[in-house]
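Examining the three-dimensional arrangement
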Amino acid sequence: MVNLKNDKSLLDIKKLAITKHLNFLLGSGVSTPAIPLMSAYQDDDVDTRNKKILESVKQTSKSLLDNDCANVVDSVLNDYEKLMLNILNILNLSNSRQIPKAVNIFTTNYDLFIEKAIDVLSLSHRFVFNDGTTGYFKHYLDSANYNKTVAYRGLNDNYSDEIPMINLIKPHGSINWKKENDYILVEKKVINNSVIVPPNGVEGADTFMNNHFHEMLRLFQLELDKPQSILIVLGFSFQDKHIAKMITRALANPELLIIAFGYSDEDKQTFLTNLNIKQAPNNLKILIPSDFIVDSGNGDEKELKNFTMKEFNALIKLGDDYFE
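For the structure given in this document, a descriptive report is provided here. If you're wondering where the values come from, they're calculated on a predicted model, not measured in any experiment.

Some remarks on the packing of aromatic side chains
- With the rule as written, the count across this model stands at 11 aromatic pairs.
- Between Phe261 and Phe312, the ring centres sit 5.2 Å apart and the planes meet at 75°, which makes this aromatic pair edge-to-face. Of this pair, Phe261 sits in strand β13 (residues 256-261) while Phe312 is found in helix α8 (residues 309-316), placing the two residues 51 residues apart along the sequence. Pair check on accessibility: Phe261 and Phe312 agree, each one buried.
- In textbook terms, an aromatic cluster arises when at least three aromatic residues are bridged by ring pairs, as seen for Phe24, Phe261, Phe292, Phe307 and Phe312.

A word on the pairing of strand β12 (residues 229-234)
- Most of β12 is tucked away: 6 of the 6 residues are buried.
- Residues Ser229, Leu231 and Val233 line one face of β12 and the alternating positions Ile230, Ile232 and Leu234 line the opposite face, and both faces are buried.
- By the bridge criterion, 6 bridges tie strand β2 (residues 21-26) to β12 in an arrangement that is parallel. Residue pairing across strands places Leu26 opposite Leu234, the latter belonging to β12.
- Pairing of β12 with β13, which is carried by 5 bridges, proceeds in the parallel orientation. Among the inter-strand pairings, Ile230 is bridged to a residue of β13, identified as Leu257.

What about the side chain of Ser31?
- Along the chain, Ser31 turns up in the loop between β2 and α2 (46-65).
- On the basis of relative accessible area, Ser31 is assigned to the buried category, the value being 1%.
- Of note is the side chain of Ser31, whose polar atom sits 2.7 Å from the side chain of Tyr80.
- Not counting chain neighbours up to four residues away, the residues in contact with Ser31 comprise Val76, Tyr80, Asn109, Asp111 and Phe113.

Description of the pairing of strand β15 (residues 292-295)
- Here strand β1 (residues 2-4) runs beside β15; their pairing, made up of 3 bridges, is antiparallel. When the sheet's bridge partners are listed, Asn3 is paired in β15 with Ile293.
- Here β15 pairs with strand β16 (residues 301-303) via 3 bridges, running antiparallel. Each bridged residue has a counterpart across the sheet, and for Val294 the counterpart in β16 is Lys302.

Some thoughts on the nonpolar core
- In this structure, Phe24, Met84, Ile105, Phe261 and Phe312 are the most contacted members of the largest nonpolar core, which totals 56 residues.
- The biggest single contributor to this core is helix α3 (residues 71-93), with 10 residues.
- Not counting residues up to four positions away in its chain, the partners in contact with Phe24 are Leu83, Ile87, Val103, Asn104, Ile105, Phe106, Leu231, Ile232 and Phe312.
- In terms of nonpolar packing, the next biggest core, distinct from the first, is built from 37 residues, Phe106, Leu231, Leu272 and Ile286 among them.

Quick word on the packing of α3 against α8
- Running from amino to carboxyl end, α3 crosses α8 at an angle of 25°, the nearest separation of the two axes being 9 Å. Taken as axis vectors, α3 and α8 run roughly parallel relative to one another. Crossing handedness for the pair α3 and α8: left-handed. Seen from α3, the contacting residues are Ser75, Val76, Asp79, Tyr80, Lys82, Leu83, Asn86 and Ile90; seen from α8, they are Met309, Lys310, Phe312, Asn313 and Ile316.

Comments concerning the pattern of salt bridges
- In the structure shown here, the tally under the stated rule is 6 salt bridges.
- Across the pair Glu215 and Arg218 runs a salt bridge, and its minimum N-O distance is 3.0 Å. Of the two residues, Glu215 and Arg218 are both situated in helix α5 (residues 207-225); the distance of 3 residues between them amounts to about one turn of the helix.
- Looking at Arg218, the relative accessible area reads 40%, which means it is partly exposed.
- Across the pair Asp225 and Arg249 runs a salt bridge, and its minimum N-O distance is 3.4 Å. One end of the pair, Asp225, is in helix α5; the other, Arg249, is in helix α6 (residues 241-250), with 24 residues separating them in the sequence.
- Overall, Arg249 belongs to the partly exposed group, its relative accessible area being 49%.

Digging into the packing of α3 against helix α4 (residues 113-121)
- Two elements in contact, α3 and α4, have axes whose closest approach is 9 Å; the angle formed by their N-to-C orientations is 65°. Like other packed secondary-structure pairs, α3 and α4 cross with a definite hand, here right-handed. In contact with Val73, Val76, Leu77, Tyr80, Glu81, Met84, Leu85 and Leu88 of α3, α4 contributes Phe113, Ile114, Lys116, Ala117, Ile118, Val120 and Leu121.
- Of the residues that constitute the contact of α3 with α4, the class distribution is 13 nonpolar, no polar and 2 charged.

Section: the sheet that holds β2
- With parallel pairing, 7 strands are arranged side by side in an open sheet as β4-β9-β3-β2-β12-β13-β14. Both edges of this open sheet fall to β4 (128-130) and β14 (284-287), since each of them pairs with a single strand only. Pairwise comparison of adjacent strand axes, ignoring direction, gives a mean angle of 15° for this sheet.
- Both β4 and strand β9 (residues 165-169) contribute to a ladder of 3 bridges, which runs parallel. Bridging from a neighbouring strand, Phe129 pairs with Ile166 of β9.

About the thresholds
Residues numbered from 1 in each chain as written. Predicted model: local features only at pLDDT ≥ 70, side-chain atom pairs only at ≥ 80, totals over all residues. Heavy atoms only, no water. Phe/Tyr/Trp six-rings, centres within 6.5 Å; stacked < 30°, edge-to-face > 60°. Helix = DSSP H or I, 4+ residues; strand = E, 2+ residues; numbered from the N terminus. Buried < 20%, exposed > 50% of the residue type's maximum accessible area, 1.4 Å probe, protein only. Pairing = 2+ DSSP bridges. Polar contact = N/O pair within 3.5 Å; in protein donor to acceptor, adjacent residues only side chain to side chain. Contact = heavy atoms within 4.5 Å. Core = buried A, V, L, I, M, F, W, Y, C linked by side-chain atoms within 4.5 Å. Axes fitted to C-alpha atoms, helices over the stretch in contact; angles between N-to-C directions. Parallel < 35°, antiparallel > 145°, perpendicular 65-115°, else oblique. Left-handed = near helix turned anticlockwise from the far one by under 90°. Salt bridge = Lys/Arg side-chain N within 4 Å of Asp/Glu carboxyl O. Nonpolar A, V, L, I, M, F, W, Y, C, P; charged D, E, K, R; others polar.

See below:
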């Protein structure tokens, strides 16, 4: 079991997630080690690094679609499935009269781990997955499709129960997106010339992608500006300057709470530097491995060396003791 060293109600992730507009920001760190980080190719120039990362995303995503995963890919997929399940459990406990039973998952990754995890969970759980597409034979992306809720009326229309919804927003594109005229077509396969924004510091330089990039980030900003919102950040170091500026601006909203999890203790300073702030305001909580303790259940406790999606799943898992 993973717990915070200091039991502060402000940092009770589970209860906060149930009572606030829930948002996640997932970066490349959550897909490692199945897909290497940019830092793994430090000896290469930017273009070469991007090509190597893209090739890794392609091969990994193909293996996910073909159900032919290596152990490391299967392990990461399992963590994604647990994350999606934990999120669904949180949504099922939320009160739709106060806030929508919905979560917005923003990710700069263009792999297909989330989509594959959703596919697996949809066989045994009732929820709506919304990737922003519309259409039947062809699925076209339209940001207007994110503004909706779905309810189950019952067989006799005698009640209305909002169905949990997972909204997936990918500002940097996806390995299965194809440009078709002035639209983005979402395919069920890996596309060679996919619509993506490489992390090269000039995101959105192309006019077509620039429109998409800023439209998706506009959705991100609108969610952060809502009252009683929470943003949970995993595997993301705020190196994307556009997103970092939006985060800094959004912190002016006193009703917003951002909880960013660092992989290592050094990430706390890295986050502050990339956000261009000297000290975290009250509504920005940066949690690092040394803030946590791991209880093996035998009375033995130890500090974390690294904080990954696996540890986050252990932290927010809703057990029988949740309401005690």
